[in-house]
Amino acid sequence: MEIITAVRGFKDILPVEAGKWQYIEKIAREVLANFGFREIRIPILEKTELFKRSIGESTDIVEKEMYTFLDRGNEYLTLRPEATASVVRAYLEHTMYAQDPVARLFTIGPMFRRERPQRGRYRQFHQINAELLGLDDPRTDAEVILMLMQFLMRIEITDLRLMINSLGCRECRPAFRKALSGFLVGKEEQLCKDCQRRLAMNPLRVFDCKTANCIEVIDHAPQILDFLCPGCMDHFTKVKEALAMFAIAFEVNPKMVRGLDYYAKTTFEVVTEHLGAQNAVAGGGRYDGLVKDLGGPDIPGIGFAVGVERLISISPFMGENFLISPQLFIAALGDKAQMLAFSVCNRLRIQGIQTEMDYSGKSLKSQMKRADKLSSRYALILGEREIAENKAELRDMQQGTQETIGLDDLENAIIKILKGS
RNA sequence: GUGGGUGUAGCUCAGGUGGUUAGAGUGCCGGGUUGUGGCCCCGGAGGUCGAGGGUUCGAAUCCCUUCACUCACCCCA
């Protein structure tokens with residue numbers, strides 16, 4: 001019979017990998033906590049409408065990348081392609097703003113996009129997500145970016161570039177959009193098919209296109225930064241100043257428009273050289289207006305997402321062994337010894353010593369091999385001879401030395417020796 | 001969605017122009033050490049050659065179809 005395999009683009013994280021994930025999540029939680037962020041756990045399934053309204057109908061995500069299906073209740077549901085929409089939904093649904101309009105929230109978990117999988121891009125992937133709601137001070141933009149960079153530094157990721165831009169607000173973006181549309185009039189036939197379609201829906205997205213012709217056309221186009229209203233201009237300047245205070249290197253990239261419609265003012269992206277076209281390790285931005293668009297009060301917000309798979313693939317501790325290994329392995333020969341081993345093994349576990357034993361009753365040699373394979377620090381040899389003499393041999397597998405200990409008070413003696421090493 | 005690459009042992013891969021029992025390394029199991037891991041030596045188990053069809057006396061090898069995986073592109077984490 002044929003075995004059933006995982007769904008395309010969905011990956012198992014095996015024990016050899018899982019340790020890295022735990023490590024990254026641990027550091028993330030530490031850094032987030034230091035900046036006052038609290039965990040929120042949200043569902044992975046939402047009503048499709050949530051993403052259409054927040055991310056935008058004409059975005060690539062909504063147009064062609066969502067895992068959407070009709071459930072039995074005749075309702076369209078979607079496996080979340082990103083977390084911000086859900087966090088904002090929860091913030092509104094529980095009227096968190098009534099208690100305190102300022103919320104610093106983070107969530108870690110899987111996201112889903114139905115794309116063709118390749119290196120650094122999976123259909124189920126994982127993000128660490130931070131959202132700061134209720135503040136629009138430009139210093140908070142810098143603070144969130146600082147936190148992100150601090151996190152990346154803590155896990156020793158280097159060779160990264162931080163790119164920032166401002167997309168303006170509802171005041172200034174229409175003027176820019178109009179200017180851009182005006183600029184593109186008469187140049188439609190030079191653009192690719194996708195961009196011709198984007199023109200009507202969202203001309204800003206032409207900046208995203210990688211088609212040679214489109215790049216050439218857009219190269220001379222007006223730039224958003226020249227159209228910022230005084231408020232947005234001031235905001236952007238203060239963000240840059242605040243970043244400079246912490247010596248965070250950044251590049252202003254006026255062509256970075258990002259793929260989600262809800263961004264306004266500050267946007268940013270952290271990219272690496274090591275992942276080819278899948279170069280974005282983290283990305284985010286301000287989304288003043290999103291909360292209102294989702295039916296809530298006019299509350300500002302800013303956040304980012306870090307791609308965990310991409311992080312791990314460029315992290316320097318890739319080759320390190322995160323597998324746990326036992327402190328003690330008990331090799332037992334004979335029925336009596338096996339019974340005693342079973343008892344000692346589990347008693348030590350209860351007392352906090354990571355202990356393994358062999359149940360196969362095979363030769364001492366093969367049991368020792370197993371102790372070695374598991375990289376156990378110590379091995380306890382418990383044979384018929386030892387039992388008869390009321391003792392056991394404790395072998396230090398690293399040193400290759402061993403000592404005899406009495407069976408009376410065996411556990412305490414082992415604990416004492418193990419704690420000492 | 002579009003284009004390329006690859007499918008042979010658990011894993012990494014060999015197998016000129018078709019030829020009989022399909023190999024290596026590694027891993028696994030056992031032995032060399034009547035009760036002591038790693039290094040070394042010896043032995044063993046393990047394969048519908050991705051699947052289906054075709055050509056042929058004969059196909060892992062040639063042809064067709066299909067599936068899977070993978071890489072790249074668009075876009076993004």
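Residues numbered from 1 in each chain as written. Chains lettered and ligands numbered in written order. Predicted model: local features only at pLDDT ≥ 70, side-chain atom pairs only at ≥ 80, totals over all residues. Heavy atoms only, no water.

Turning our attention to a nonpolar patch on the surface. Nonpolar side chains collect at one region of the surface, where Leu14, Val16 and Leu323 lie side by side and expose about 260 Å² of accessible area between them. Here Leu14 shows up in the segment before helix H1 (15–34). (Patch = residues over 30% accessible without salt bridge, like charges linked within 9 Å, V, L, I, M, F, W, Y side chains within 5 Å. Areas by Shrake-Rupley, 256 points an atom, 1.4 Å probe, with all protein chains shown as cover. Salt bridge = Lys/Arg side-chain N within 4 Å of Asp/Glu carboxyl O. Helix = DSSP H or I, 4+ residues; strand = E, 2+ residues; numbered from the N terminus.)

With that settled, the discussion passes to the domain arrangement of chain A. Partitioning chain A into structural domains gives domain 1 (15–172 + 228–314) and domain 2 (328–420). The C-alpha-based centres of domain 1 and domain 2 are spaced at 51 Å. (Domains from an automatic or database assignment.)

Once that is clear, we can look at the sheet that holds strand S10 (residues 280–286). Pairing in this open sheet of eight strands is mixed, and the strands run S1-S5-S6-S11-S10-S9-S7-S8 from one edge to the other. Lying at the two open borders of the sheet, with one neighbouring strand each, are strand S1 (38–39) and strand S8 (251–252). Sheet topology note: the S1/strand S5 (residues 103–112) ladder contains two bridges and is parallel. Counterpart to Arg38 in the pairing with S5 is Leu105. Packed onto the sheet, H1 meets S1, S5 and strand S6 (124–133) and runs at close to 5 degrees relative to S6. (Pairing = 2+ DSSP bridges. Contact = heavy atoms within 4.5 Å. Axes fitted to C-alpha atoms, helices over the stretch in contact; angles between N-to-C directions.)

Here we come to the environment of Gly56. Along the chain, Gly56 falls in the loop between helix H2 (48–55) and helix H3 (60–65). Counting along the chain gives 205 residues from Gly56 to Asp261, while the straight-line C-alpha distance between them is 5.2 Å. Not counting chain neighbours up to four residues away, the residues in contact with Gly56 comprise Phe51, Val62 and Asp261.

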